[in-house]
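# Tertiary structure, described
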Amino acid sequence: MQIVTRLICLVGVLISLMGPARAQSGEPAAVAVGTVYAERQPIAKTADFVGRIEAINRVEIRARVKGYLEAVLFKEGDLVKEGQPLYRIEKGLFEAAVEQAAGALERAKAALTLAGLQRKRAEELLAKASGTVVARDQAVAEEEQAKGAVMAAEADLRTAQINLGYTDISAPIIGKIGRTSLTKGNVVGPESGPLTTIVSQDPMYVTFPVSQ
């Protein structure tokens, strides 16, 4: 009987000790639960897509003639205007080519003048029965050849002038310019590839890949 009494007392002591331990353990309090009423509402059908912004205009700037790059006239990342100078290629050889073509044109014009005089003389001699038809025809042919030489010389002069103009490389569009691939002092030309790229900024395209 004493043993049973002692066991009952021991159980009572343990229960009294477990009470504060449970309080210190911090048992979670009850969470308040809200209620929502289900209502019938119209729902619009929507779809989400990932868009990509693309420039309308994108231009690669290239050198159209070969020469030493004398200057880079822009700052990488700047917004450039249409017609703004970007690069300058050394002009000396191209200026000399223009002068040489101009000289060749003057010589061709002088030869044409002489051929015209010779043709007139041949016609006058033929009219007076002092010349021959062969001489007249030869003079006419030489004048025509001189005219062709003048036309070729004029074309060469225009080509030389165009090439001289290509030594100044300007922006063809308005946009943001990228990094230059070649710097001052390098030899550039058509085979050098793109020197830089200009990308237009306003307006822009936004493309959405929509699956079928």
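Read on for a plain summary of the structure. (Residues numbered from 1 in each chain as written. Predicted model: local features only at pLDDT ≥ 70, side-chain atom pairs only at ≥ 80, totals over all residues. Heavy atoms only, no water.)

### Some remarks on the environment of glycine 165
Mapping glycine 165 onto the fold places it in helix H3 (residues 133-165). Residue glycine 165 is classed as partly exposed on the basis of its relative accessible area of 42%. Put simply, glycine 165 and phenylalanine 94 are 71 residues apart on the chain and 8.9 Å apart in space, counted from C-alpha to C-alpha. (Helix = DSSP H or I, 4+ residues; strand = E, 2+ residues; numbered from the N terminus. Buried < 20%, exposed > 50% of the residue type's maximum accessible area, 1.4 Å probe, protein only.)

### Section: the sheet that holds strand S7 (residues 175-177)
With respect to topology, four strands assemble into an open sheet ordered S2-S9-S7-S4, the strand pairing being antiparallel. Each of the sheet's edge strands pairs with one partner strand only, and the pair in question is strand S2 (58-61) and strand S4 (79-80). (Pairing = 2+ DSSP bridges.)

### Considering the layout of surface pockets
Gaps left between atoms show up when a probe the size of a water molecule is rolled over them. By volume, the largest pocket amounts to about 170 Å³. Val59, Glu60, Ile61, Arg62, Arg64, Gly165, Tyr166, Asp168, Ile169, Ser170 and Pro172 together form the lining of the largest pocket. Among the elements of the structure, S2 and strand S6 (168-170) are those that each provide at least two residues to the lining of the largest pocket. Class assignment of the residues belonging to the lining of the largest pocket gives a composition of five nonpolar, two polar and four charged. (1 Å grid on protein atoms, 1.4 Å probe; cavity = no way out; pocket = protein on both sides within 12 Å on 5 of 7 lines; lining within 4 Å. Points joined across faces, edges and corners; volume = space filled by probe spheres on them. Nonpolar A, V, L, I, M, F, W, Y, C, P; charged D, E, K, R; others polar.)

### Some remarks on the pairing of strand S5 (residues 85-89)
Of the pairings in the sheet, the one linking strand S3 (residues 67-72) to S5 comprises three bridges and is antiparallel in character. Looking at the pairing, leucine 69 lines up with isoleucine 89 of S5. By the bridge criterion, three bridges tie S5 to S6 in an arrangement that is antiparallel. Across the sheet, the residue bridging to tyrosine 87 is isoleucine 169, located in S6.

### Describing the sheet that holds S5
The four strands lie next to each other as S6-S5-S3-S8, forming an open sheet whose pairing is antiparallel. The open sheet has two edge strands with one neighbour each: S6 and strand S8 (187-188).

### Structural notes on the nonpolar core
Grouped together as the largest cluster of nonpolar side chains are 17 residues, with contacts concentrated most on Leu86, Tyr87, Ile89, Ile169 and Ile198. With near-sequence residues (within four places) excluded, isoleucine 89 lies in contact with Ala63, Val65, Gly67, Tyr68, Leu69, Glu70, Tyr166, Thr167, Ile169 and Val188. (Core = buried A, V, L, I, M, F, W, Y, C linked by side-chain atoms within 4.5 Å. Contact = heavy atoms within 4.5 Å.)

### Quick word on the environment of alanine 108
With respect to the helices, strands and loops of the structure, alanine 108 is situated in helix H2 (residues 92-127). Assessed through its relative accessible area of 10%, alanine 108 is described here as buried. Taking the C-alpha atoms as reference points, alanine 108 and valine 150, separated by 42 residues in sequence, lie 5.0 Å from one another. Contact partners of alanine 108, with chain neighbours within four places excluded, come to Ala146, Ala149, Val150 and Ala153.

### Examining the side chain of threonine 180
Tracing the chain through its elements places threonine 180 in the loop between S7 and S8. Taking relative accessible area as the criterion, threonine 180 reaches 12% and is therefore assigned buried. In terms of polar contacts, threonine 180 uses its side chain to reach the side chain of tyrosine 87, at 2.7 Å. From its side chain, threonine 180 meets the backbone oxygen of leucine 182 in a polar contact 2.7 Å long. Sequence-distant contacts of threonine 180, defined by excluding residues within four places in its chain, comprise Phe74, Glu76, Tyr87, Leu195 and Thr196. (Polar contact = N/O pair within 3.5 Å; in protein donor to acceptor, adjacent residues only side chain to side chain.)

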